[in-house]
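Residues per chain, in single letters:
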Amino acid sequence: MDLKTEVLIIGGGATGAGISRDLALRGIPSLLVEKGDFTSGASGRNQGLLHSGARYAVSDLEAAKECIIENRILRRIAPHCIEDTDGLFVSLPEDGTEYRATFLRACAEAGIDTLPLSPREALSMEPKLNPRLIGAVQVPDGAIDPFTLVVENARDAESRGARFLLHTEVTGLIRDGLRITGVRAKDRITGNEFTIAAPWVINATGAWANQILAFAGLTIGMALSKGSMLITNTRLSERVINRCRPPASGDIIVPNDTVSILGTTSLRVEDLEHYEVTPEEVSFLVEELSKVIPAIREERFTRAYAGVRPLVQLAGVSDDREISRGFALIDHGSVDGLTGLITITGGKLMTYRLMAEKTADFICERLGLHVPCITHSQPLPGAGRGHTLKDRLLRLRHQIPASRGELLCDCELVPRETIDAILREGKVRELQDILHRTRLAKGTCQGGFCVYRLLGVLNEMRKETVLGGSNRALRDFLEERWKGIRPVLWGTSLKEEELIESIYKGLFNLAPEATLPPGGGDL
Amino acid sequence: MKRWDLIVIGMGLAGLTAAKAAAEKGAKVLIVGRGMGSVTLFGNTIDLLGEIPPGKDMQGDLTRWIAAHPHHPYAKTGWAGIEASLGAFRSLFPPPYTFDTVGSGNSLVPTGVGTLRPSYLLPATMTAGVGMSPSDTIIVGLKGFKDFQGDTVSLHLQCRGVNLSLPRYGLEGLTAIALARLMDEESFRERLGEAIRSQMAGEKRVGLPAILGVSAPADVLKTLEAITGAKVFEIPMLPPSIPGLRIFHRFREALIAQGVTFLMGNPVTAAKVKEGRCEEITVHNPPIATVFRAENYILATGRFLGGGLWADMERITEPLFHLPVFQPESRGLWFRERFFQPEAHPIHRAGIVTDEDLRPVDSEGRVLLRNVRAAGSILAHHEAIEGHSSEGIDIATGNLAAGRALSS
């Protein structure tokens, strides 16, 4: 199977999906390849923060201006991906009032609305805040669901002719003299190898940019910075809570549906496939953020995760937080003399649309087309749909009686119908794809009970061959789950883990495949 | 105030066994627990040690294994102590619902994911699963009962599977307990038996989720076997465990008949210690706190799940007597990098270290509390989950702790 396209996009994160949609809206066909599922990289491993830009106002005015503009655009085009929470920048006694004054001036300059609050006002709005706070400033931060945002971009693009190949890895660039003419690709599930011919190849792989460029012997200056986050079992605040001090590690709490996400850290990494959240990072985040919300010390955490920020590197800057969060669009034709290859990297989720716009502008210019970008005004397809927790629960009320109560996931109320619908659509290729598209396994037990049930449903529907065999899938799932849960195992989480180990290792005798005890494992 | 000979804290298999052993020796016993013990979650079979291969003689192999593991709780009881405790356990289950070995050692029991698990004593409702073959067995799942996925079991056991609808019963609230209670009704199990028979194609064995009745499992088995003409067996599934509930009920019934005071539902919140002895414990039943005193105490509160151990971000503690807990040096060393690996996670070996008498000791080996003994999974130096030895450790140390407490 060999394919052809006008524009080939590598990477199914927000940037890649955004470019696909932007091109589709301008009538340019594209094909996107992604080695995992949508948002497998940093797009799916961030805090889900709809930045107001206030966080950057003091340190990087340009980034702050970009953020607030995109913030307003996203509220218009993707309201169903956003929870309009607002945010507070909270000053503790040790933060003083000096930074706060600078912060208010910088926000004004960036065009970010602010509302200074007294300690009493802030506490009445967010009762769990440290009562020692000396003041707070309200800004238009919010929460955003990156997965829905990316899938919605892709869905819209697909309805306009764009194509997507998930679980497909680029294994090489095809070169004809001083031109890139396409890529070699491999389906990671079937193992099929094929080529895709394309006059333009866009490298939108974020932190993986240099891995693609290495196929052509190229490289760009980029720092990889790991940020670790913790998910709480309950929602700690109505609003996004920031520390009102110069940007630092452990200074933000983002509400997300029924939970909160604490972040972040910033540590250099080299290996993109093997990085983990360390016990020290976890202790640091709990210690630091319990200064802002003291209840964090007693809170139960359901999971930890980390993402890698691709930071475009400038010479002479040593602290990753000082490196620009801005993006870079690199035409390897003019920089390296290799035409047909573009890299778009750096940036952040907040500017994905702008990054896509600039990339599509470049492609249009090269193709000699004069079609303007309309992604800032054209809403995503599901924009009218109710999306709040209340809407979701109301929809469930109609679904559950229909299923006569067959809930696969008791924590997050996922009825069997949801799974049936996803399977009918026919796009999922492995267990994790299903988990990405539902709330299954996202609750307190982190899939300890419901994934057993889900695999039973798949076996019943004879989908197990597609998904790699059910006990292998179960082992893989438990191993993947372990990465997130191991860093937060103490207190109540540890109790629950004893339950899960007693089920799977004790009762069910699932063992590592290499060392099956007598009779253990599969027949 | 009433004074007891022995207070047992914890209602898992270790505590229940200890209370029964002491009561049989004529002691005045109080057993107190915050809820039904872990036997109602995971109890199915009585497992001694999974690594003894099926067909091997348990006594000889386990005796040699104990000699090679001098810190393991079994080293305190020896084979003789294990054997005595198994005898005491089996005496609670006269025919027809007995616990027996199949052959002289471990046998392999099919599980809820279609794997086989090595077990030692099997309830009468599980023995027919041992030695099943793909061609002679049919696995029966029940539509809407999500904690037993029959298709997963049949897929991995490579045998035929069917999922039956339960006529006239909706899917709402279809829990293991509800199903097991329905099975206690003769008319219900007869209809289910007929439904199974209509699906059979000459199979000699029928595997079902472990829901064959709460109160009369042997009768359920008899009805189903008479109707289907095949051997019927239960398959262990996600918690809660109906076979475990039967064990719990049987113990409770026997203990109460023997005059044991059975105090369930309230936690022990404090223990008063003076000069190396426990003087009293406080049971909290809001708003009332009641103090109980005894000559001897047995601490059988389990591990993290049972509340016998607690971990904060820094270290592992024993919350009632504040006993020293043997444990890895720091939180980062509690668990290994992968969930599945050949060796158990180091935290599983954490627990209370005792002398030969099961009395807690400090790091120098000095006895800390002369009238308190620890029993069951709270003990250090075992890997009961992966080792498939939870029940063995519980009943052997529970039995030993009671014996030592009364002879002291």
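Note that this is a predicted model, so its numbers are computed, not measured.

Chemist: It is not clear to me how the overall build of chain B should be interpreted in this structure. Could you clarify?
Modeler: Of regular secondary structure, chain B possesses 11 helices and 17 strands. Over its C-alpha trace chain B gives a radius of gyration of 22 Å, about what one expects of a compact globule, namely 22 Å for 408 residues. Referenced to the eigenvectors of the C-alpha coordinate spread, the extents of chain B come out at roughly 70 × 45 × 40 Å. Sequence-distant contacts, at least 24 apart, represent 68% of the contacts inside chain B between residues at least 6 apart.

Chemist: Is there a simple way to explain the interface of chain A and chain B in this structure?
Modeler: Interface extent is often summarised as the accessible area lost during association of the parts. Across the boundary between the two partners, chain A contributes 49 residues, which contact 49 residues of chain B. Taken together, the elements giving at least two residues each to the side of chain A that touches chain B come down to helix H8 (279-289), helix H14 (450-460), helix H15 (470-485) and helix H16 (491-507) of chain A. Class assignment of the residues belonging to the side of chain A that touches chain B gives a composition of 22 nonpolar, 14 polar and 13 charged.

Chemist: What exactly am I supposed to notice about the sheet that holds strand E9 (residues 205-209) of chain B here?
Modeler: Pairing between the strands of a sheet is mediated by backbone hydrogen bonds and can be parallel or antiparallel. Residues and elements named next belong to chain B. The four strands are arranged E8-E7-E9-E10 in an open sheet whose pairing can be described as parallel. The open sheet terminates on both sides in strands that have one partner only, identified here as strand E8 (160-164) and strand E10 (231-235). The average undirected angle you get between the axes of adjacent strands in this sheet is 25°. Set on the sheet, helix H5 (residues 150-157) makes contact with strand E7 (137-142), E8, E9 and E10; between it and E7 the angle comes to about 160°. Across the sheet, helix H8 (residues 217-228) is in contact with E9 and E10; its angle to E10 comes to roughly 135°.

Chemist: What exactly am I supposed to notice about the confidence of the model for chain A here?
Modeler: Low pLDDT means the predicted atomic positions in that stretch should not be read closely. Looking at chain A as a whole, its pLDDT mean stands at 91, while 93% of the residues score no less than 70. A low-confidence stretch, residues 514-523 of chain A (pLDDT under 50), is modelled with 28 contacts involving residues beyond four sequence positions or located in other chains.

Chemist: Sorry if this is basic, but what is going on with the domain arrangement of chain B here?
Modeler: Segmentation of chain B into domains returns domain 1 (3-94 + 245-407) and domain 2 (127-235). Distance between the C-alpha centres of domain 1 of chain B and domain 2 of chain B: 34 Å.

Chemist: Would you explain H15 of chain A in this entry?
Modeler: Counting along an α-helix, one turn takes 3.6 residues, and residues three or four places apart therefore face a common direction. If you check H15 of chain A, its first and last C-alpha atoms are 22 Å apart, about what 16 residues at 1.5 Å a residue would give, namely 22 Å. All of the buried residues in H15 of chain A are Ser470, Asn471, Ala473, Leu474, Arg475, Phe477, Leu478, Arg481, Trp482 and Ile485 of chain A. Elements that come into contact with the buried residues of H15 of chain A comprise strand E20 (301-312), helix H13 (431-436), H14 and H16 of chain A together with H5 of chain B.

Chemist: What should I look at first to understand the sheet that holds strand E21 (residues 327-331) of chain A in this one?
Modeler: Residues and elements named next belong to chain A. Read from one edge of the open sheet, six strands run E10-E3-E2-E14-E22-E21, paired in mixed fashion. Edge positions in the sheet fall to strand E10 (163-165) and E21, since each has one partner strand and no second. When strand polarity is set aside, the average angle formed by the axes of neighbouring strands in this sheet is 15°.

Chemist: Can you help me understand the domain arrangement of chain A in this one?
Modeler: Residue and element names in this part refer to chain A. When its domains are assigned, chain A resolves into domain 1 (3-42 + 147-220 + 325-367), domain 2 (83-143 + 223-312) and domain 3 (389-515). Between domain 1 and domain 2, the C-alpha centre-to-centre distance is 32 Å. Taken together, the contact between domain 1 and domain 2 spans nine residues of the former and eight residues of the latter. Looking at the side of domain 1 that touches domain 2, the elements that each hand over two or more residues are E21 and strand E22 (341-346). Taken together, the residues of the side of domain 1 that touches domain 2 sort by class into six nonpolar, three polar and no charged.

Chemist: Can you help me understand helix H1 (residues 13-24) of chain B in this one?
Modeler: All names here are of chain B. Helix length check: H1 (12 residues) gives 16 Å between terminal C-alpha atoms against 16 Å at 1.5 Å per residue, within 8%. Of all 12 residues that make up H1, 11 are buried, and the element is covered over most of its length. Along H1, the residues that are buried comprise Leu13, Ala14, Gly15, Leu16, Thr17, Ala18, Ala19, Lys20, Ala21, Ala22 and Ala23.

Chemist: I tried to follow the nonpolar core on my own but got confused; where do I start?
Modeler: As a rule of thumb, nonpolar side chains are buried together in soluble globular proteins. Of all hydrophobic cores here, the largest spans 268 residues; its most connected members are Leu8 and Ile202 of chain A together with Ala18 and Ile298 of chain B. Among the elements that take part in this core, H1 of chain B stands out by supplying eight residues, more than any other. Apart from the residues lying within four places of it in its own chain, the contact partners of Ile202 of chain A are Val7, Leu8, Ile9, Ile10, Ile19, Ile342, Ile344 and Thr359 of chain A.

Chemist: What is the right way to read unusual backbone geometry from this model?
Modeler: The phi angle of most residues is negative, glycine excepted, and most peptide bonds adopt the trans form. That bond from Pro95 of chain B to Pro96 of chain B is cis: its omega, 10°, falls within 30 degrees of zero. Of the consecutive residues Pro239 of chain B and Pro240 of chain B, the connecting peptide bond is found in the cis state with omega at 0°. For Pro240 of chain B, the position within the fold is in the loop between E10 and helix H9 (242-257). Its identity as a non-glycine residue notwithstanding, Asn509 of chain A has a phi of 50°, on the positive side. Inspection of the secondary structure puts Asn509 of chain A in the segment after H16. Positive phi is not limited to glycine here, since His381 of chain B has a value of about 70°. By secondary structure assignment, the location of His381 of chain B is in the loop between strand E17 (372-374) and helix H10 (384-387). Judged by C-beta crowding, with 19 C-beta atoms within 10 Å, His381 of chain B ranks as partly exposed.

Criteria and cut-off values
Residues numbered from 1 in each chain as written. Chains lettered and ligands numbered in written order. Predicted model: local features only at pLDDT ≥ 70, side-chain atom pairs only at ≥ 80, totals over all residues. Helix = DSSP H or I, 4+ residues; strand = E, 2+ residues; numbered from the N terminus. Rg over C-alpha atoms; globule rule 2.2 N^0.38 Å. Contact = placed C-beta atoms within 7 Å. Nonpolar A, V, L, I, M, F, W, Y, C, P; charged D, E, K, R; others polar. Pairing = 2+ DSSP bridges. Axes fitted to C-alpha atoms, helices over the stretch in contact; angles between N-to-C directions. pLDDT = per-residue confidence, 0-100. Domains from an automatic or database assignment. Expected span 1.5 Å × (residues − 1). Buried ≥ 20, exposed ≤ 12 C-beta atoms within 10 Å, placed from the backbone. Core = buried A, V, L, I, M, F, W, Y, C linked by C-beta atoms within 7 Å.

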